[in-house]
Amino acid sequence: MSSLEISTLTSTEERLWHAFPTGALVDLRSGPDDGPDKATSWPRTRDVRAEVIAALLNGSGPDAGGGAGVKLAGVRVVGRLALAHTHVPYALDFERCFFDDDLDLAEAETRSVRLRGCYLTGLEASRAEIRGELQVEGCRLGGIGLYAARVFEIEISGTTITAPPPEPPDPDADWTPPRAAVYGDLLVVDTAMYCHDVVVDGQFRLPGARIGGYLHLDGAQITHEEPDRPPTPALLAQGLRVDTGMFARRGNTRAENRFTVIGGVDLSGATIKGGLMLPDADLVDDRGGTALRADHISVEGGVNLSGVTASGAVRLDSARVVGPLMLSGARLGTLDASGARVEGAMVCNEGFNVHSLDLRRARTATFEDDAASWPVKLRLDGFVYDELMPLPAAGTRLPWLARDAYQPQPYEQLAARYRAVGRDGESRRVLLAQQRQRRKAAGVPAKVWGLLQDATVGYGYRPWLAGLWLLGLLAAGSVYFASHHPAPLGTGGPHFNAVAYTLDLLVPVVSLGQSGAWNPSGSSQVLAYALIISGWTLATTLFAGVTRILVRP
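Residues numbered from 1 in each chain as written. Predicted model: local features only at pLDDT ≥ 70, side-chain atom pairs only at ≥ 80, totals over all residues. Heavy atoms only, no water.

Engineer: Please explain the overall build of the protein chain as it appears in this structure.
Structural biologist: A count of helices and strands for the protein chain gives 9 helices and 48 strands. Burial analysis of the protein chain (553 residues in total) assigns 49% to the buried set. (Helix = DSSP H or I, 4+ residues; strand = E, 2+ residues; numbered from the N terminus. Buried < 20%, exposed > 50% of the residue type's maximum accessible area, 1.4 Å probe, protein only.)

Engineer: Would you take a moment to explain the pattern of salt bridges for this structure?
Structural biologist: Here the idea is simple: oppositely charged side chains can pair when their charged atoms come close. Following the criterion strictly, the structure yields 31 salt bridges and no others. A salt bridge links Arg249 to Asp218; its shortest N-O distance comes to 2.8 Å. Taken together, the residues span a long stretch of sequence, with Arg249 in the loop between β29 (246–247) and β30 (260–262) and Asp218 in the loop between β25 (215–216) and β26 (221–223) at a distance of 31 residues. Measuring nitrogen to oxygen at the nearest pair gives 2.8 Å for the salt bridge that ties Arg360 to Asp358. (Salt bridge = Lys/Arg side-chain N within 4 Å of Asp/Glu carboxyl O.)

Engineer: Help me understand the nonpolar core, please; the structure alone is not making it clear to me.
Structural biologist: One finds Phe94, Leu240 and Phe259 to be the most contacted residues of the largest nonpolar core, which totals 130 residues. Looking at which element gives the most residues to this core, the answer is helix α2 (residues 50–57), with 6 residues. Apart from the residues within four sequence positions on either side, Leu240 is in contact with Leu206, Gly208, Ala209, Ile211, Leu215, Met246, Leu267, Ala270 and Thr271. Formed by 12 residues, the second largest nonpolar core is a distinct cluster that contains Ala498, Leu505, Leu506 and Ala517. (Core = buried A, V, L, I, M, F, W, Y, C linked by side-chain atoms within 4.5 Å. Contact = heavy atoms within 4.5 Å.)

Engineer: I tried to follow the packing of aromatic side chains on my own but got confused; where do I start?
Structural biologist: Each aromatic ring pair is summarised here by two numbers: the centre-to-centre distance and the angle between the ring planes. Under the criterion given, the structure shown has 9 aromatic pairs. Judged by centre distance (6.4 Å) and plane angle (55°), the rings of Tyr385 and Trp400 are tilted. Placement of the pair is Tyr385 in strand β46 (residues 384–389) and Trp400 in helix α3 (residues 394–401), with a sequence separation of 15 residues. Both residues of the pair, Tyr385 and Trp400, belong to the buried class. Each residue in the set Phe367, Phe383, Tyr385 and Trp400 is aromatic and connected to the rest through ring pairs, giving one cluster. Seen from the ring of Trp42, Arg46 lies directly overhead, with NZ or CZ sitting 3.9 Å from the centre. Here the guanidinium or amino end of Arg397 rests over the ring plane of Trp400, the centre of that ring lying 4.7 Å away. (Phe/Tyr/Trp six-rings, centres within 6.5 Å; stacked < 30°, edge-to-face > 60°. Lys NZ or Arg CZ within 6 Å of the ring centre and 35° of its normal.)

Engineer: Mind showing me how you'd approach the side chain of Gln413 here?
Structural biologist: Relative to the elements of secondary structure, Gln413 occurs in helix α4 (residues 408–420). Exposure remark for Gln413: the relative accessible area of 13% places this residue in the buried category. Dropping the residues within four chain positions of it, Gln413 is found in contact with Phe383, Val384 and Tyr385.

Engineer: Looking at this structure, how should I read the packing of α4 against helix α5 (residues 424–440)?
Structural biologist: Between α4 and α5, the shortest axis-to-axis distance is 7 Å and the interhelical angle comes to 170°. In terms of axis orientation, α4 runs roughly antiparallel to α5. Counting all contacts with α4, which are made through Pro408, Tyr411, Glu412, Leu414, Ala415, Tyr418 and Arg419, the residues of α5 involved are Asp424, Glu426, Ser427, Val430, Leu431, Ala433, Gln434 and Gln437. When grouped by side-chain class, the residues that make up the contact of α4 with α5 number 8 nonpolar, 3 polar and 4 charged. (Axes fitted to C-alpha atoms, helices over the stretch in contact; angles between N-to-C directions. Parallel < 35°, antiparallel > 145°, perpendicular 65-115°, else oblique. Nonpolar A, V, L, I, M, F, W, Y, C, P; charged D, E, K, R; others polar.)

Engineer: What am I meant to see in the side chain of Asp47 here?
Structural biologist: Summarising the element assignment, Asp47 is placed in strand β2 (residues 47–49). Asp47 gets classed as buried once you look at its relative accessible area, which sits at 10%. Side chain to side chain, Asp47 and Arg44 meet in a polar contact 2.6 Å long. Here Arg76 takes part through its side chain, which lies 2.2 Å from a polar atom of the side chain of Asp47. Setting aside its immediate chain neighbours within four residues, Asp47 contacts Thr10, Thr12, Glu13, Arg76 and Val78. (Polar contact = N/O pair within 3.5 Å; in protein donor to acceptor, adjacent residues only side chain to side chain.)

Engineer: Any chance you could explain helix α1 (residues 11–19) here in plain terms?
Structural biologist: In an α-helix, one full turn covers 3.6 residues, which means residues spaced three or four apart are oriented alike. Within α1, the full set of buried residues consists of Thr12, Glu13, Leu16, Trp17 and Ala19. Buried residues along α1 sit in contact with β1 (26–27), β2, α2 and β3 (69–73).

Engineer: Where do I start with unusual backbone geometry in this structure?
Structural biologist: What you tend to see is this: most non-glycine residues have negative phi, and most peptide bonds are trans. The omega torsion of the bond from Met389 to Pro390 falls at -5°, within 30 degrees of zero and hence cis. Counting through the fold element by element, Pro390 comes out in the loop between β46 and α3. Look at Arg127: it is not a glycine, yet its phi comes out positive at around 60°. Here Arg127 shows up in the loop between β13 (123–124) and β14 (129–137). One non-glycine residue, Ser318, adopts positive backbone phi at about 60°. On the accessibility criterion, Ser318 (30% relative accessible area) is partly exposed.

Engineer: Looking at this model, I keep getting lost on the pairing of β3. Mind explaining?
Structural biologist: Counted residue by residue, β3 has 4 buried out of 5 residues, so it is predominantly covered. Judged from the 2 bridges that link them, β1 and β3 form a sheet pairing that is parallel. Looking at the pairing, Asp27 lines up with Ala73 of β3. Here β3 pairs with strand β7 (residues 91–95) via 5 bridges, running parallel. Within β7, the position partnered with Leu72 by the bridge is Phe94. (Pairing = 2+ DSSP bridges.)

Engineer: Can you help me understand the packing of α1 against α2 in this one?
Structural biologist: Packed helices, taken two at a time, are described by their axes: the angle between them and the distance between them. Packing of α1 against α2 brings their axes to within 11 Å, and their N-to-C directions diverge by 15°. Here α2 runs roughly parallel to α1, going by the angle between their axes. The two elements α1 and α2 meet at a crossing, and its hand is right-handed. Residues Glu13, Leu16 and Trp17 of α1 touch α2, and the partners they reach there are Val52, Ile53 and Leu56. (Left-handed = near helix turned anticlockwise from the far one by under 90°.)

Engineer: Looking at this structure, how should I read α4?
Structural biologist: A rise of 1.5 Å per residue sets the reference length of α4, with its 13 residues, at 18 Å; its end C-alpha atoms lie 18 Å apart and thus fit the reference within 8%. Taken together, the buried positions of α4 are Gln409, Pro410, Tyr411, Gln413, Leu414, Ala415, Arg417 and Tyr418. Buried residues along α4 sit in contact with β46, α3 and α5. Two residues or fewer after α4 comes Gly422, characterised by a positive phi angle close to 80°. (Expected span 1.5 Å × (residues − 1).)

This is the structure in structure tokens:
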């Protein structure tokens, strides 16, 4: 650029040349409505060649002090502003400018780069080091490349980013790259990354990125649809690391845009400190896939999915959440939280609506729901909770368990919860329901034996039933034998007593001397045998039931 002489500059470029040493603003706007959308009608006097800007920033211009920099407003930048592989110790500031080509900062080292209200075909900053702010506010551009870049702080707000059309698929290629609008793989941000109210048409990529502070996507609208290609998530952030919280809430604009993703979100393997907050988000996968994938995610500070609407599955398989998992009012197709660990409350009430919920092997400190929010399909085997809210009578909770195919653990878990709060009667009612559910899947002999145990002693959880049966049989036998005395077996025996005789037949381990002294015949003998068999049956079922209770932890 040393060949660029002052005599070859246009009057506008000369103004910039003299303003550069102090960083003074060169403003060519004619009014507040004179933006880059009207650049086709701008006079040529508002043109500044990209090579002139590059020459200044590369040290080929006048001597510059500490405040030097390029600060332009209402300018058309002609040509590609190529600063790749250079060291730029000055700030770049463009306001409501029009670039007819890319701004290329690939592998550059620079200070702050600010683009406000600008139109440009793209910003390429892969492997760049920006030791200040990267600001893209109110702009329109065709993509941002931040692959393996390092930036002190990023603000991309109110901006529309439209990825270029995809290349025709190569039939011989093993993989076709996605149509990426923001390419932030392995990006490192020292402080925070703010992306408020951005509209992204194309994939937003942050796999392996590290954000030292906040990641804000409030009000962002991300759409990535390629019908003729294999589905890839619209927001791809596998292995993302955020140190102070990820927020994707309503936006900052007056319309309060909901965070919307069409094409799915992939946060699998991410590590987020400070919480993952997606309240009222709209997550859509029209191809029937996964709207939100957060398998093996680790979050400190809780996860807020309250009010989320998801068209497609939401996956929290083996997630670890320190803090609450809020799902109140969420409307989901499928929620897979199998193997999840929530060190706080899991809240699924106040309009929570999901067709299928998988909580197998999950664990939470508190599980809070309501009957109106119970899913049609529910899987609970291995689900462990320290507290269940609400905890009404067992008859209210048992239909919740019945929505899953029978497994013993969910019944034992619920019974343990009742027992822990001193409600032993409700605990026994749950365990009785467990035995009845198990009987439904048993073979015929086991069903018969189960029915007998249920009718006589309630599987041991209702031992008073045996007493009722005993009293009933005792009364019936006593009445019968009072009018049908059996014949004596010999002389010298006890005086016949119908009640004692019936009790002697019924209770196999007690002898009152009556059954051995009298010999029934005919119908009396049939009744005697029936009482003996009934007594042994009651004793056996009662022993089986009591044993079941005693061996239970």
